[in-house]
Amino acid sequence: MKKYVVVIALLLLAAVVLTGCGQSPEKLNNRGNEAFADQDYDNALLAYSGAQEDAPEMAEPHYNAANTHYRLQDYEQAQQQIEQALIGEEHLENLEQNSYYNLGNTFFQAQQFEAAVEVYKEALRLNPEDLEAKQNLELALRQLQQQQQEQQQEQQEDQEQQDERQQDEQQNEDQQEQQEQDEQQDGQQNEDQQDQEEDGQQNEEQQDQQE
């Protein structure tokens, strides 16, 4: 039973094959595996869905459906199916560890690196000798660090832009306030000049009367 791998360009993926004993869920699961092998993913998902309906406690149809969704790059559905596989009451040996590993790959492809790190750790807890899980954990940690650095840089740039906008707004407010003050001062000067002219006129009239 193979797992799909992040650290190599070519994804290695194989569905879990059950040795059917004539029961409908096993037959449906194996029919899905045959379709999966032929890259007929629509019919594979249809068969796995039928097996899930007949035997919801089985983990394998969910695991295989997750592999199929992963091939289709539908990582959200792949995640949901793997999570269902992990709570299944019946599963094959090592399926739990492989499910955590594949769930880590699913989170990785969705660029949810923090979640990928956590489930890779869980896969290694179940199998500390899993070299692929160790490699993918290291890769996810590097990607997480880079993602955090980019987020911090974006936050810093946003803060700088916000500070610049606030500075521009303050400058505009200061300019508007200065303009209003200048207008008030000009108005006051005009009033003073007018008063002076009126006083001068009154003085001339008084002089005329005295003469």
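The rules behind the values
- Residues numbered from 1 in each chain as written.
- Predicted model: local features only at pLDDT ≥ 70, side-chain atom pairs only at ≥ 80, totals over all residues.
- Heavy atoms only, no water.
- Helix = DSSP H or I, 4+ residues; strand = E, 2+ residues; numbered from the N terminus.
- Buried < 20%, exposed > 50% of the residue type's maximum accessible area, 1.4 Å probe, protein only.
- Contact = heavy atoms within 4.5 Å.
- Areas by Shrake-Rupley, 256 points an atom, 1.4 Å probe, with all protein chains shown as cover.
- Axes fitted to C-alpha atoms, helices over the stretch in contact; angles between N-to-C directions.
- Parallel < 35°, antiparallel > 145°, perpendicular 65-115°, else oblique.
- Left-handed = near helix turned anticlockwise from the far one by under 90°.
- pLDDT = per-residue confidence, 0-100.
- Core = buried A, V, L, I, M, F, W, Y, C linked by side-chain atoms within 4.5 Å.

Things to note about the overall build of the protein chain
Link 1 in the chain: Tallying secondary structure elements over the protein chain gives 7 helices and 0 strands in all.
Link 2 in the chain: In the protein chain, the succession of α and β elements from N to C terminus is α-α-α-α-α-α-α.
Link 3 in the chain: The buried share of the protein chain, reckoned over its 211 residues, is 35%.
Link 4 in the chain: Pairs at least 24 residues apart make up 57% of the contacts formed inside the protein chain by residues separated by at least 6 positions.
Link 5 in the chain: Total accessible area on the protein chain stands at roughly 13900 Å², and carbon and sulfur atoms take up 38% of it.

Some remarks on the packing of helix α1 (residues 24-37) against helix α2 (residues 41-54)
Link 1 in the chain: Interhelical geometry of α1 versus α2 gives an angle of 165° and a closest axis separation of 8 Å. Viewed along their axes, α1 and α2 adopt a mutual orientation that is roughly antiparallel. Seen from above, α1 lies across α2 with left-handed handedness. For the pair α1 and α2, contact is made by Ser-24, Pro-25, Leu-28, Asn-29, Arg-31, Gly-32, Asn-33, Ala-35 and Phe-36 and by Tyr-41, Asn-43, Ala-44, Ala-47, Tyr-48, Gly-50, Ala-51 and Asp-54, respectively.

Focus: unusual backbone geometry
When glycine is set aside, most residues are seen to have a negative phi, and most peptide bonds are trans.
Link 1 in the chain: Despite not being glycine, Gln-73 has its phi angle at roughly 60°, a positive value.
Link 2 in the chain: Looking at the secondary structure, you find Gln-73 in the loop between α3 (60-71) and α4 (75-86).
Link 3 in the chain: For Gln-73, a relative accessible area of 58% corresponds to the exposed category.
Link 4 in the chain: In this structure, Gln-111 takes a positive phi of about 60° despite not being glycine.
Link 5 in the chain: Mapped onto the elements, Gln-111 comes out in the loop between α5 (95-109) and α6 (113-126).

Let's talk about the confidence of the model for the protein chain
Link 1 in the chain: Per-residue confidence for the protein chain gives a mean pLDDT of 82, with 80% of residues at or over 70.
Link 2 in the chain: Considering each helix and strand of the protein chain separately, the mean pLDDT is smallest for helix α7 (residues 131-210), with a value of 82, and largest for α6, with 96.
Link 3 in the chain: Below pLDDT 50 for its whole length, residues 5-22 participates in 56 contacts with residues either more than four positions away or in separate chains.

Regarding the nonpolar core
Link 1 in the chain: Phe-108, Ala-116, Tyr-120 and Ala-140 are the most contacted members of the largest nonpolar core, which has 19 residues in total.
Link 2 in the chain: Those elements that place two or more of their residues in this core are α5, α6 and α7.
Link 3 in the chain: Counting 7 residues, the second-largest nonpolar core is a separate cluster that includes Phe-36, Ala-44, Tyr-48 and Ala-65.

Structural notes on the packing of α3 against α4
Link 1 in the chain: At a closest axis distance of 8 Å, the pairing of α3 and α4 adopts a crossing angle of 165°. With respect to each other, α3 and α4 are oriented roughly antiparallel. Considering only the axes of α3 and α4, their crossing is left-handed. Two secondary-structure elements touch here, α3 through His-62, Tyr-63, Ala-65, Ala-66, His-69 and Tyr-70 and α4 through Tyr-75, Gln-77, Ala-78, Gln-81, Ile-82, Gln-84 and Ala-85.

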